[in-house]
Amino acid sequence: MTQAEKRTRIISVGGGKGGVGKSIVSCNLAVALAQLGHRTVLADLDLGAANQHLLLGIDRPLPGIEALLSRGHEDVRASLTPTQVPNLSLLAGTGAVMGAANIGHNQKLKIIRKLRALDADVVIVDVGAGVGYNVLDFFELGAQRLVVTTPQVTAIHDAYSFLKGAVLRTLAHHAQTARERRVLSEAESSGEGEKVIDLLGKIRAQDPVWAERISRVLERFGASLVGNQVTSASQTGVFHAVSKMIRDYLGISVPIVGWLKDSKAIADSVNDRAPLILTRDAEYGRALRAMAETLLVEDVPLEEDLLEIESDLLLEDEDREPETNLAPDALHLPETSEGPRLPKAAAATAKEGYFGNGKVRIYLPPRRKKRPPQKARVEETGRRRRRVTLPGMPPEMARVAVGARKLQSS
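Structure report, in brief. On a predicted model such as this, the values are computed, not experimentally measured, just so you know.

1. Digging into the packing of aromatic side chains
Inference 1: If you walk through the whole model with that rule in mind, you get 1 aromatic pair.
Inference 2: Here Phe139 and Phe162 contribute two aromatic rings whose centre-to-centre distance is 4.9 Å and whose plane-to-plane angle is 70°, an arrangement assigned as edge-to-face. Pair noted here: Phe139 is in helix α6 (residues 133-140) and Phe162 is in helix α7 (residues 153-174), with a separation of 23 residues, a long-range link. Here the two residues Phe139 and Phe162 agree in accessibility, since each one is buried.

Shown next, in the form of structure tokens:
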């Protein structure tokens, strides 16, 4: 039986910032899936801050990710650590090692391939926080992608930024020409408040065929929201508002797969090193099992239909020198009989390589300069009204965030 026929379900769990409970949700969700009788692997890809073994009460896990990186051809099953939960194994991450999060390009590809080759019914991938390329690529690995957020203003802001980065990264991996890659590269370096839906409108006016391909990618993006640390039922309305805003601004449907209440028992379970779903709080357990059942009934594409991000990653050069002469409009590159003609500076960064049985040529965009950090500001709009603006968040999203803050204080 091939990997495609097996239909291993890969569920990636990410979040825009630390502290939203991403790892706890991943751990307890993996336990819930195992309790439902599915062979489950929990992969700890929060590199540099891995702690799933602690949440599961494992003192000395096998060197999971570390073994994959040092012995790349070894069967991944030899790197799995058994747990106290039947049907659940752990692929331990790396932590407390300087530079553990700064894995190389080839190492990232090795991890992605090994995870896809796992012999399991479900793989839960706990990725790190932030919008680094490694984090986004690991998040993209799942056909189902959960974004954990709390009702807090900062968490909502970072969840939106995280999803926007994930969408643009996915579109970049689906780009087929140098022109398409250039347009998406410019979108990544644009202002944080720029809407993906507006970018799609500009592309549709210039290239309807490409716009249609983008629409198909966005339709099957497969993201869902998980609300966490909810102190009152009224806060769930914040998640619905955020889901609608993401659809209107990023062009992807992000339904709410469930929400989890805030509880002191969660902190106790971490200190006791035992998943909460196993020991306490029946209501929390019911919510997790309902979430697991919801995910299991969703259709996922076959492995052969999933995005093969290796085709793009194989030719990435993270150590390339920045170029400063790329000025032409990306949507109006002159066409030739062999396709779009690249400017000299762009041609200098184009490389050839092999993927599968075919030869491909890919344009490597220049390294972007880091943008200085922005601060939230308040604008006086007259009539004793003030407009709150958060960097990276459209005004409507900022109003939702402020509403969440009011709910918390009420």
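2. Notes on the packing of α7 against helix α11 (residues 236-250)
Inference 1: Across the interface, α7 lies against α11 with an axial gap of 11 Å and an inter-helix angle of 30°. Overall, the two elements α7 and α11 adopt an arrangement that is roughly parallel. Crossing hand, α7 versus α11: right-handed. Packed against α7, whose contacting residues are Ile156, Tyr160, Leu163 and Lys164, the element α11 presents Val238, Val242, Ile246, Tyr249 and Leu250 at the interface.
Inference 2: Split into classes, the residues belonging to the contact of α7 with α11 amount to 8 nonpolar, no polar and 1 charged.

3. Some remarks on helix α8 (residues 178-188)
Inference 1: Among the 11 residues in α8, 9 count as buried, and that is most of the element.
Inference 2: Within α8 the residues assigned to the buried category are Ala178, Arg179, Glu180, Arg181, Arg182, Val183, Leu184, Ser185 and Ala187.

4. Focus: the nonpolar core
Inference 1: Core analysis: the biggest nonpolar cluster contains 59 residues, and Leu45, Leu91, Leu115, Phe138, Leu163, Ile246 and Ile252 have the highest contact counts within it.
Inference 2: Looking at this core, the element that brings in the most residues is α7, giving 10 residues.
Inference 3: Excluding anything up to four places from it in sequence, Leu45 contacts Ile65, Ile111, Leu115, Val125, Asp126, Val127, Gly128 and Phe138.
Inference 4: Formed by 36 residues, the second largest nonpolar core is a distinct cluster that contains Ile11, Val25, Val148 and Ala292.

5. Focus: helix α14 (residues 282-297)
Inference 1: In this model, α14 (16 residues) spans 23 Å end to end at C-alpha, consistent with the 22 Å of a helix rising 1.5 Å per residue.
Inference 2: Turning to α14, its buried residues are Tyr284, Gly285, Leu288, Met291, Ala292 and Leu295. All buried residues of α14 lie within an arc of 125° about the axis, which places them on one face of the element. Facing away from the buried surface of α14 by more than 90 degrees, the exposed residues are Ala282, Arg286 and Val297.

Conventions used here
Residues numbered from 1 in each chain as written. Predicted model: local features only at pLDDT ≥ 70, side-chain atom pairs only at ≥ 80, totals over all residues. Heavy atoms only, no water. Phe/Tyr/Trp six-rings, centres within 6.5 Å; stacked < 30°, edge-to-face > 60°. Helix = DSSP H or I, 4+ residues; strand = E, 2+ residues; numbered from the N terminus. Buried < 20%, exposed > 50% of the residue type's maximum accessible area, 1.4 Å probe, protein only. Axes fitted to C-alpha atoms, helices over the stretch in contact; angles between N-to-C directions. Parallel < 35°, antiparallel > 145°, perpendicular 65-115°, else oblique. Left-handed = near helix turned anticlockwise from the far one by under 90°. Contact = heavy atoms within 4.5 Å. Nonpolar A, V, L, I, M, F, W, Y, C, P; charged D, E, K, R; others polar. Core = buried A, V, L, I, M, F, W, Y, C linked by side-chain atoms within 4.5 Å. Expected span 1.5 Å × (residues − 1). Arc of directions from axis to C-beta.

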